[in-house]
Structure formats: C-alpha cells, structure tokens
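Here is how the chains run, residue by residue.
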Amino acid sequence: KQEVTQIPAALSVPEGENLVLNCSFTDSAIYNLQWFRQDPGKGLTSLLLIQSSQREQTSGRLNASLDKSSGRSTLYIAASQPGDSATYLCAVRTQGGSEKLVFGKGTKLTVNP
Amino acid sequence: EAEVAQSPRYKITEKSQAVAFWCDPISGHATLYWYRQILGQGPELLVQFQDESVVDDSQLPKDRFSAERLKGVDSTLKIQPAELGDSAMYLCASSPRLGTSGLYAQYFGPGTRLTVT
C-alpha cells in the first residue's frame, strides 16, 4: 500500500527566505507526482506536475524535484512572500488499477512579513 | 481556463438527514473522482468514475454513501443518513481518460464543506 509522508508538518519563516518542503513515498511504481496548494477552507490548486521519467519541474519561484528510486520529492520556494502562506500537499499517482492519487497530510507554511 | 464546478460550497445538516453534492468536471475529462478530506489530513479517494462506470469505490461506505454519473458528465454524491463523523470537505476532481492520465494532472474543484450537527 502506497504511503506518502510530508515533513515538516508545519513551517514558519520570515519573508524573503528560501525554503524546502519534503515529500517521501513508499512505492516507486508511480506515473507522476503532483504538488498542490490549499488555502484554508478552499479546494486544491495544482502547482507542479512531475512525470516519473522527469527529474524536476519549475514554475516561477517554485521548483520541484523527483528521485523516484529513493521515493523522494522536494518543493523549493525561492524568496518566500506572505502570500505563499498555505498548506502544501504532495500526491503520487499510482500505477495500475484506478491510478488514484495518494496524498500526504501536507505542510502548513506561514511566511511572516 | 476550464474549471471543475461543485455545489453547494457549504452545507450544514443534522445527523440522520440526507445530503447531496454535485460536481461538473472539466469538459472532455472522462475520469471523475470524489475525495473526502478530514481537517488536518490529506484527501482520500471515495469513488472514481471512467465515463459512467465506477472504476474504484473500495473506500466508499456503501451502507450510507452512493454516487452516480449517469450520462458520463456531471456527478452526484449522496449521504443518507448523515453522521457526525461525515463532517469534512468533499472534493471533486477530473482528469483525461485512464491510460493517458499518467501524463496529466488531476484538477480539483473548490469543494463542499459539510458540517453535520
């Protein structure tokens, strides 16, 4: 059974700092990995999608890496801003069957002005 | 940009009552998912459709939950009777057809926040 773990559970940083969020998964048989952002009481916004054959993806100040063999991904946020404050969720798309997403519990990020 | 639509956004109901949620996926997306997210947790899959057929409902509490996607487009998730433990965010997502979906992201709607009193 696929399990996804995100560390840390919460993170508080001053504005302007670069930061890294971590995600690990137990089964490397995945199609892709997706990072989401969730604001309080809202739905999920897709940030980055990394295919299993890729090593990283970049979008603006965000960079996500994937090491499938070791079951790890990182989300790097450069020059953090208060507007980046949210919960960040990592999910892997399982191979076979329903190809469902399996989520971690998320990292709650607070960027202080 | 196309979006997944859900309604209602918020629902408060008393336990033992029936409640229903609606989802309209992105046009052309054959695969539709219903997830439940308890506060402080990641979403967990309840049921998945490919067109009008159920692909995975292994985590759906079938004694009280039902889901349908009659014409392979929009979908309804129903709870009857609702219990206190059903209080959660119910999220709908869509993606292109299975077998190609490894290449594509899942796109989520805004969710329905259910409170059972």
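What this report covers is the structure whose coordinates are included nearby. A quick note: this is a predicted structure, and the numbers were derived from the prediction, not measured.

Cut-offs used in this document
Residues numbered from 1 in each chain as written. Chains lettered and ligands numbered in written order. Predicted model: local features only at pLDDT ≥ 70, side-chain atom pairs only at ≥ 80, totals over all residues. Heavy atoms only, no water. Pairing = 2+ DSSP bridges. Helix = DSSP H or I, 4+ residues; strand = E, 2+ residues; numbered from the N terminus. Axes fitted to C-alpha atoms, helices over the stretch in contact; angles between N-to-C directions. Contact = heavy atoms within 4.5 Å. Buried area = accessible area lost by both parts, 1.4 Å probe. Salt bridge = Lys/Arg side-chain N within 4 Å of Asp/Glu carboxyl O. Polar contact = N/O pair within 3.5 Å; in protein donor to acceptor, adjacent residues only side chain to side chain.

1. Notes on the sheet that holds strand β7 (residues 65-68) of chain B
Residues and elements named next belong to chain B. An order of β1-β3-β8-β7 is seen for the 4 strands of this open sheet, with the pairing classed as antiparallel. At either margin of the open sheet sits one strand with a lone partner, and together these are β1 (5-7) and β7. The mean angle between the axes of side-by-side strands here comes to 15°, regardless of whether they run parallel or antiparallel. Looking at chain direction, β7 and strand β8 (residues 75-79) are connected through 4 bridges and run antiparallel. Paired with Ser66 across the bridge in β8 is Lys78.

2. With respect to the interface of chain A and chain B
How large an interface is tends to be reported as the accessible area lost when its parts come together. Taken together, the contact between chain A and chain B spans 21 residues of the former and 27 residues of the latter. Buried surface at the junction of chain A and chain B, both sides included, amounts to about 1,800 Å², of which 48% is carbon and sulfur. In this assembly, chain A and chain B are joined by 0 salt bridges. Inspection of the chain A/chain B interface yields 6 residue pairs in polar contact (both at pLDDT 80 or more).

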